[in-house]
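Each chain, written out:
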Amino acid sequence: MKAFIAAALSLTLLVLCASAEAQQGKRLPRIGFLASGSRSYHKEVVEAFRQGLRDLGYIEGKNIVIEYRYAEGETDRFPKLVAELLQLQVNVLVVTGTAATQAAKNATNTIPIVGTGTDLVGTGLIDSLAHPGGNVTGLSNLNDAVGGKQLELIKEAFPRVFRVAALWAPSYPGNTIWIGKMKTAAQELQITLQLLEVQSAGDFDAAFSAIKREHAGALGVLQNGVNGMNVARIFHFTTKSKLPAIYPDSSFVDAGGLMSYGSSRIDLDRRAAYYVDKILKGAKPADLPVEQPTKFELVINLKTAKQIGLTIPPNVLARADRVIK
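In this report, the structure presented in the accompanying data block is examined. Just so it is clear, the structure is predicted and the values come from calculations on it, not from any experiment. (Residues numbered from 1 in each chain as written. Predicted model: local features only at pLDDT ≥ 70, side-chain atom pairs only at ≥ 80, totals over all residues. Heavy atoms only, no water.)

A separate point is the overall build of the protein. A tally of helices and strands in the protein yields 13 helices and twelve strands. Burial analysis of the protein (325 residues in total) assigns 50% to the buried set. The long-range fraction of contacts in the protein, counting pairs at least 24 apart against all pairs at least 6 apart in sequence, stands at 69%. Surface accessibility of the protein: about 15,400 Å² in total, with carbon and sulfur atoms responsible for 53%. Side chains of the protein carry 36 positive and 29 negative charges; the gap between the two charge centres is 4 Å. (Helix = DSSP H or I, 4+ residues; strand = E, 2+ residues; numbered from the N terminus. Buried < 20%, exposed > 50% of the residue type's maximum accessible area, 1.4 Å probe, protein only. Contact = heavy atoms within 4.5 Å. Areas by Shrake-Rupley, 256 points an atom, 1.4 Å probe, with all protein chains shown as cover. Lys, Arg positive; Asp, Glu negative; His and termini not counted. Charge placed at Lys NZ, Arg CZ, Asp CG, Glu CD.)

Dropping the structure here:
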């Protein structure tokens, strides 16, 4: 009897050890995260994504692994960075921006991609919002829709402005769509739009000189990795020049910008975790409808306005969703 009990205990221990070894050897789901800017620029976005995962029960390093890559504002680095992530055999690619999503799509038609972008349908990345098709799904930030609204807000806040400069990067497909909307609005508002291409850090000095030379009365900053990487330089220029500027989301205003109008990057990337969860549980990107933001917020920084000697009209302040005092 004792021999039987001893044998049973030995067998139980053997099974438990084998189970533990199997658990330890099990490969954790691996996510590839590709961002257009720098690690510091995307710090809040990454934390929002992590929080979204935590809310769904995923703990980084415990039951999921995230591999991060940052393009540092250089779109030509996207193909190489995507290739690195694919070599790591990621289960899902999470990419920020239309250009990064295109690079991921060009590299694979099998690995699921959760992307954010301005117009995923218009750029051919998905078939439709309701039925994406293929291996791409995600969230549309609808930034193309806010380009015209930004000009309207500038005109309302500063009625004497008739020339607005815009810092944009043609290598970001969403920026091209955005500029199209701004051109239409500029005609209606009788505003002259001064388009300034900034593809790298070396382009800003020439852009700033052109703004001063042509006497632009305000500045529109588009959403892209190049502008995000050089936001401190933009702030320095607008402060020194006492130039009102409008930005694509509130993170710029929290960092010292004057005003912003657009959807929340933080909300979008937190929501991206929902798609990752669905895909890891077996859902196909083709069957996951692309979501669009339901709220756009106007944020105004009165401290910055005071610093550069600008007064925001009461009617504009009354419309703000948040005012930094």
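Attention now moves to the sheet that holds strand 2 (residues 65–70). Sheet strands pair via backbone hydrogen bonds, and the direction of the pair is either parallel or antiparallel. Strands sit in the order 2-1-3-4-5 across an open sheet of five strands; the sheet is parallel. Every other strand in the sheet has two partners, leaving strand 2 and strand 5 (136–140) as the edge strands with one partner each. Along the sheet, successive strands turn relative to each other by an average axial angle of 20°, direction set aside. Of the strand pairs in this sheet, strand 1 (residues 30–35) and strand 3 (residues 92–96) are connected by four bridges, and their pairing is parallel. Bridging across to strand 3, Phe 33 finds its partner in Val 94. (Pairing = 2+ DSSP bridges. Axes fitted to C-alpha atoms, helices over the stretch in contact; angles between N-to-C directions.)

Let us now look at the pattern of salt bridges. Note on pairing: side chains with opposite charge can pair once their charged atoms come close. On inspection of all chains with the given rule, the structure shows 14 salt bridges. Arg 233 is the partner of Asp 205 in a salt bridge, and the nearest nitrogen-oxygen pair spans 3.1 Å. Placement of Asp 205 in helix 7 (residues 204–213) and of Arg 233 in helix 9 (residues 231–241) is noted, with a sequence separation of 28 residues between them. We classify Arg 233 as partly exposed; its relative accessible area is 29%. Across the pair Arg 322 and Asp 254 runs a salt bridge whose closest N-O atoms are separated by 3.0 Å. Remark: Asp 254 occurs in helix 10 (residues 250–254) and Arg 322 occurs in strand 12 (residues 322–324); sequence separation between them is 68 residues. Among the ionic contacts, a cluster of salt bridges with common partners joins Glu 47, Arg 50, Arg 54 and Glu 60. (Salt bridge = Lys/Arg side-chain N within 4 Å of Asp/Glu carboxyl O.)

Moving on, we get to the packing of aromatic side chains. Applying the stated rule across the entire model yields nine aromatic pairs. An angle of 50° between the planes, with centres 5.9 Å apart, marks the rings of Phe 204 and Phe 208 as tilted. Placement of both Phe 204 and Phe 208 in helix 7 is noted, with a separation of four residues, approximately one turn of the helix. Given the relative accessible area of 0%, Phe 204 is considered buried. Taken together, a centroid distance of 5.4 Å and an interplanar angle of 15° make the contact between Tyr 247 and Phe 252 stacked. Site record: aromatic cluster; members linked through ring pairs are Tyr 41, Phe 235, Tyr 247 and Phe 252. The side chain of Lys 155 reaches across the aromatic face of Phe 162, ending 3.6 Å from its centre. If you follow Arg 271 out to its NZ or CZ, it ends over the ring of Tyr 274, 4.0 Å from the centre. (Phe/Tyr/Trp six-rings, centres within 6.5 Å; stacked < 30°, edge-to-face > 60°. Lys NZ or Arg CZ within 6 Å of the ring centre and 35° of its normal.)

Take the packing of helix 3 (residues 78–87) against helix 4 (residues 98–107) next. Helix 4 packs onto helix 3 with a crossing angle of 55° between their chain directions and a minimal axis gap of 9 Å. One way to sum up the angle between helix 3 and helix 4 is to call them oblique. Viewed along their axes, helix 3 and helix 4 form a crossing whose handedness is right-handed. Residue-level inspection shows Phe 78, Pro 79, Val 82 and Leu 86 of helix 3 in contact with helix 4, the latter providing Ala 99, Ala 100, Ala 103, Ala 104 and Ala 107. (Parallel < 35°, antiparallel > 145°, perpendicular 65-115°, else oblique. Left-handed = near helix turned anticlockwise from the far one by under 90°.)

With that settled, consider the nonpolar core. Formed by 43 residues in total, the largest nonpolar core has its most connected members in Leu 34, Leu 167, Ile 211, Leu 219 and Ile 234. Listed by contribution, the elements that provide at least two residues to this core are helix 3, strand 3, helix 4, strand 6 (163–168), helix 7, strand 8 (218–221), helix 9 and strand 9 (245–247). A per-element tally of this core places helix 7 first, with five residues. Counting residues in hydrophobic clusters, the runner-up holds 31 residues, among them Phe 158, Val 164, Trp 178 and Leu 298. (Core = buried A, V, L, I, M, F, W, Y, C linked by side-chain atoms within 4.5 Å.)

This part covers the sheet that holds strand 12. Read across the sheet, seven strands follow the order 7-6-8-9-10-11-12 without closing on themselves; strand pairing throughout is mixed. The sheet is open, and its two edges are formed by strand 7 (192–197) and strand 12, each paired on a single side. Shown here is a sheet whose adjacent strand axes are inclined to one another by a mean of 20°, direction ignored. Packing against the sheet, helix 7 makes contact with strand 6, strand 7 and strand 8, and its axis sits at approximately 160° to strand 7.

Burial analysis of strand 1 places six of its six residues in the buried class, which makes it a mostly covered element. Covered by surrounding structure in strand 1 are Arg 30, Gly 32 and Leu 34 together with Ile 31, Phe 33 and Ala 35, the residues of both alternating faces. In terms of strand pairing, strand 1 meets strand 2 through six bridges, oriented parallel. Looking across to strand 2, one finds that Ala 35 is bridged to Tyr 70. Where the polypeptide runs from strand 1 across helix 2 (residues 43–55) and back to strand 2, its parallel neighbour, the crossover connection is right-handed. (Right-handed = clockwise from strand over helix to strand, strands pointing away.)

As far as function goes, none of this settles anything; it's purely spatial.
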